2 protein chains.
Amino acid sequence: MSMNHTVRSYDRELNYLEKKVIEMGSHAERMIECSITSIVCGDLQLATTVIADDLFLDKAERDINEKAITIICKRQPMAVDLREIVGAIRISSDLERIGDMAKNIAKRTVAIAETRQPKTFYCGLETITALAQNQLKEVLGAYTSRLLDRVDAVRERDGKIDALYTSLFRELLTYMMEDMRNITVCTHLLFCIKNIERIGDHVTNIAETLHYIITGYHMSSDRPRDDLTYKVGIDEKK
Amino acid sequence: MSMNHTVRSYDRELNYLEKKVIEMGSHAERMIECSITSIVCGDLQLATTVIADDLFLDKAERDINEKAITIICKRQPMAVDLREIVGAIRISSDLERIGDMAKNIAKRTVAIAETRQPKTFYCGLETITALAQNQLKEVLGAYTSRLLDRVDAVRERDGKIDALYTSLFRELLTYMMEDMRNITVCTHLLFCIKNIERIGDHVTNIAETLHYIITGYHMSSDRPRDDLTYKVGIDEKK
């Protein structure tokens, strides 16, 4: 955030928003990490911590919203400043949703822990989570550095998460078909990987908001983001 | 929206936001209706229309956001006016997400249409959708009437959708276990009912925003909203 206003308290206000967004980002990163560990290790206590941790993001988002509106009313910002403030509102909303996804995953720990499955079942979830975590790390880095190339690259890479999601969706269906005792746990895992795929979408939203903050223009709408699993089931029939 | 400002163009601006939100609401209602019809009747053309229709909500949300920021900057609104404007931003975001859910459902038509199942498979989806549609209709009515009782009742009723969702989740798992040929279609139906359950959550968000607009206070956080299916699988083991 470039700051050189004659009123120094204005700079401090903008700074506060930026700091709060970065804080939310780190918190969301930790929540994702812990939610996956809780699922993979069947750690119920860790799952409970993740669920409780979500409150921080809810509160931080509300705080950013209120602060942003106050700044807009008081300062009547223009151009890049206004984009920064509106951008902080949008990004905080996506980070709050990312926290919700991590919470959803942690909640399934209790069901999955009861019916432990071989390590193989969790490999896919760990791989797709690593991709999403890397994307989140990149976009948070780009929020600090404001490098447009880095922002646009994040958006481009979301397709990889979507592709992996589709392939894992098929894999989990196969486990279910092989042995009906896998159905319950694989259904929960399906929802977990769906949550990770959605984290990828929220990261892409953040990249698009950042592009808007930096350039003043919205990215073109030919967004390489989609859940393609809705086609699963068609080719099996043919 | 109560309007009696000395500057009449200010009234017009606030009116514009309200009209646009109501328009988004009607559009979202139609999208839900059509998405379920497309799934139940295997109507691919209708599904395509729903998917294309989503663009309207995306555009309307962006329009409301931009207009709202312009009004805030120009008028520096206070108290109820500010809550109205910020409320319009929040409600439009929830309506846009409801449109996304309907689009997600419509997208699964193509997979489900290929493997037609007995009518029974779709009954639960139709029932839970009717509940969610009724909730959306009520909250949109409350947006126009500003009756607090009506708003609070919407939030209270969300628990019914969650309870039905949990029961349908179990039902679909049972179909899968009975015959592995049901696995693919039931997995898609699981995601459909999950989308409806999330529509219920967005309606609850709208009710909470409305409560804030009317009273100036946030509702208490003991929100009767939750996806309880994460426990499915535990009692089966015992």
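Residues numbered from 1 in each chain as written. Chains lettered and ligands numbered in written order. Predicted model: local features only at pLDDT ≥ 70, side-chain atom pairs only at ≥ 80, totals over all residues. Heavy atoms only, no water.

## A short note on unusual backbone geometry
All names here are of chain A.
Then, number 1: Even without being a glycine, R146 presents a positive backbone phi close to 60 degrees.
Then, number 2: Take R146: it is sitting in the loop between α5 (120–145) and α6 (148–178).
Then, number 3: R146 sits in the buried class, given a relative accessible area of 17%. (Helix = DSSP H or I, 4+ residues; strand = E, 2+ residues; numbered from the N terminus. Buried < 20%, exposed > 50% of the residue type's maximum accessible area, 1.4 Å probe, protein only.)

## Focus: the confidence of the model for chain A
Then, number 1: Taken residue by residue, chain A gives an average pLDDT of 89. The fraction at 70 or more is 91%.
Then, number 2: Here the prediction assigns the complex a pTM of 0.87, and the interface score ipTM is 0.82. (pLDDT = per-residue confidence, 0-100.)

## Section: the relation of the copies chain A and chain B
Then, number 1: Take chain A, turn it by 180 degrees, move it 0.0 Å along the axis, and it overlays chain B with an RMSD of 0.0 Å. Within this description, the copies of the chain are treated as partners about a two-fold rotation axis. Across chain A, the rotation axis passes nearest the C-alpha of C73 of chain A, at a separation of 3.2 Å.
Then, number 2: A share of 100% of the interface residues of chain A reappears at the interface of chain B, consistent with the copies meeting face to face through the same patch. (Least-squares fit on C-alpha atoms with pLDDT ≥ 70 in both. Contact = heavy atoms within 4.5 Å.)

## Observations concerning the interface of chain A and chain B
Then, number 1: At the interface, 43 residues of chain A touch 43 residues of chain B.
Then, number 2: Summing both sides of the interface, chain A and chain B together bury roughly 3900 Å²; the carbon and sulfur share of this comes to 64%.
Then, number 3: Inspection of the region where chain A meets chain B yields zero salt bridges.
Then, number 4: Counting across the interface, chain A meets chain B through zero residue pairs in polar contact (both at pLDDT 80 or more).
Then, number 5: Broken down by secondary-structure element, the contributors of at least two residues to the side of chain A that touches chain B are α2 (44–75), α3 (79–107), α4 (109–114), α6, α7 (183–215) and α8 (234–237) of chain A.
Then, number 6: Considering every element that reaches the side of chain A that touches chain B, the biggest residue donor is α7 of chain A, with eight residues.
Then, number 7: Here the side of chain A that touches chain B is built from residues that sort into 20 nonpolar, nine polar and 14 charged. (Buried area = accessible area lost by both parts, 1.4 Å probe. Salt bridge = Lys/Arg side-chain N within 4 Å of Asp/Glu carboxyl O. Polar contact = N/O pair within 3.5 Å; in protein donor to acceptor, adjacent residues only side chain to side chain. Nonpolar A, V, L, I, M, F, W, Y, C, P; charged D, E, K, R; others polar.)

## Some points on the nonpolar core
Then, number 1: By size, the foremost hydrophobic cluster in this structure holds 141 residues, and its most contacted members are L95 of chain A together with L95 of chain B.
Then, number 2: Non-local contacts of L95 of chain A, meaning those with residues more than four positions away in its chain, are made with V21, M24, G25, A28, L57, L136, L140 and I206 of chain A. (Core = buried A, V, L, I, M, F, W, Y, C linked by side-chain atoms within 4.5 Å.)

## Quick look at the environment of L82 of chain B
Then, number 1: With respect to the helices and strands, L82 of chain B occurs in helix α3 (residues 79–107).
Then, number 2: Measuring from C-alpha to C-alpha, the distance between L82 of chain B and N134 of chain B comes to 29 Å, with 52 residues separating the pair along the chain.

## Remarks on the pattern of salt bridges
Two side chains that carry opposite charge are able to pair once their charged atoms sit near each other.
Then, number 1: On inspection of all chains with the given rule, the structure shows 24 salt bridges over all chains.
Then, number 2: For D100 of chain A, the salt bridge goes to R97 of chain A, with nearest N and O atoms at 2.7 Å. Here D100 of chain A pairs with R97 of chain A, and both are found in helix α3, just three residues apart, close to one helical turn.
Then, number 3: A salt bridge links K74 of chain B to E13 of chain B; its shortest N-O distance comes to 2.8 Å. Taken together, the residues span a long stretch of sequence, with K74 of chain B in helix α2 (residues 44–75) and E13 of chain B in helix α1 (residues 8–41) at a distance of 61 residues.
Then, number 4: The exposure class assigned to K74 of chain B is exposed, which follows from its relative accessible area of 53%.

## Some remarks on the packing of aromatic side chains
Then, number 1: Evaluation of the coordinates by the stated rule reveals seven aromatic pairs over all chains.
Then, number 2: For the ring pair Y165 of chain A and F169 of chain A, a centre distance of 6.1 Å and an interplane angle of 65 degrees mean the geometry is edge-to-face. Here Y165 of chain A and its partner F169 of chain A are both found in helix α6, four residues apart, which amounts to about one turn of the helix.
Then, number 3: Among the residues examined, F169 of chain A registers a relative accessible area of 0% and is labelled buried.
Then, number 4: Between F191 of chain A and F169 of chain B, the aromatic rings sit 6.0 Å apart at their centres with planes inclined by 40 degrees, giving tilted as the arrangement. With F191 of chain A in helix α7 and F169 of chain B in helix α6 (residues 148–178), this residue pair bridges two chains. Each member of the pair, F191 of chain A as well as F169 of chain B, is classed as buried.
Then, number 5: Three or more aromatic residues link up through ring pairs in this structure, and these residues are Y165, F169 and F191 of chain A together with Y165, F169 and F191 of chain B.
Then, number 6: Of note, K67 of chain B hangs over the ring of Y16 of chain B, and the distance from its end group to the ring centre comes to 4.8 Å. (Phe/Tyr/Trp six-rings, centres within 6.5 Å; stacked < 30°, edge-to-face > 60°. Lys NZ or Arg CZ within 6 Å of the ring centre and 35° of its normal.)

## A look at the side chain of R155 of chain A
Residues and elements named next belong to chain A.
Then, number 1: Its location among the elements puts R155 in helix α6.
Then, number 2: We classify R155 as buried; its relative accessible area is 5%.
Then, number 3: At a separation of 3.0 Å, a polar atom in the side chain of R155 contacts the side chain of E208.

## Remarks on helix α7 (residues 183–215) of chain B
All names here are of chain B.
Then, number 1: Along its 33 residues, α7 runs 48 Å from first to last C-alpha, staying within 8% of the 48 Å computed at 1.5 Å per residue.
Then, number 2: With 31 of 33 residues buried, α7 lies mostly within the body of the structure.
Then, number 3: A positive phi of about 85 degrees marks G216, the residue just after α7. (Expected span 1.5 Å × (residues − 1).)

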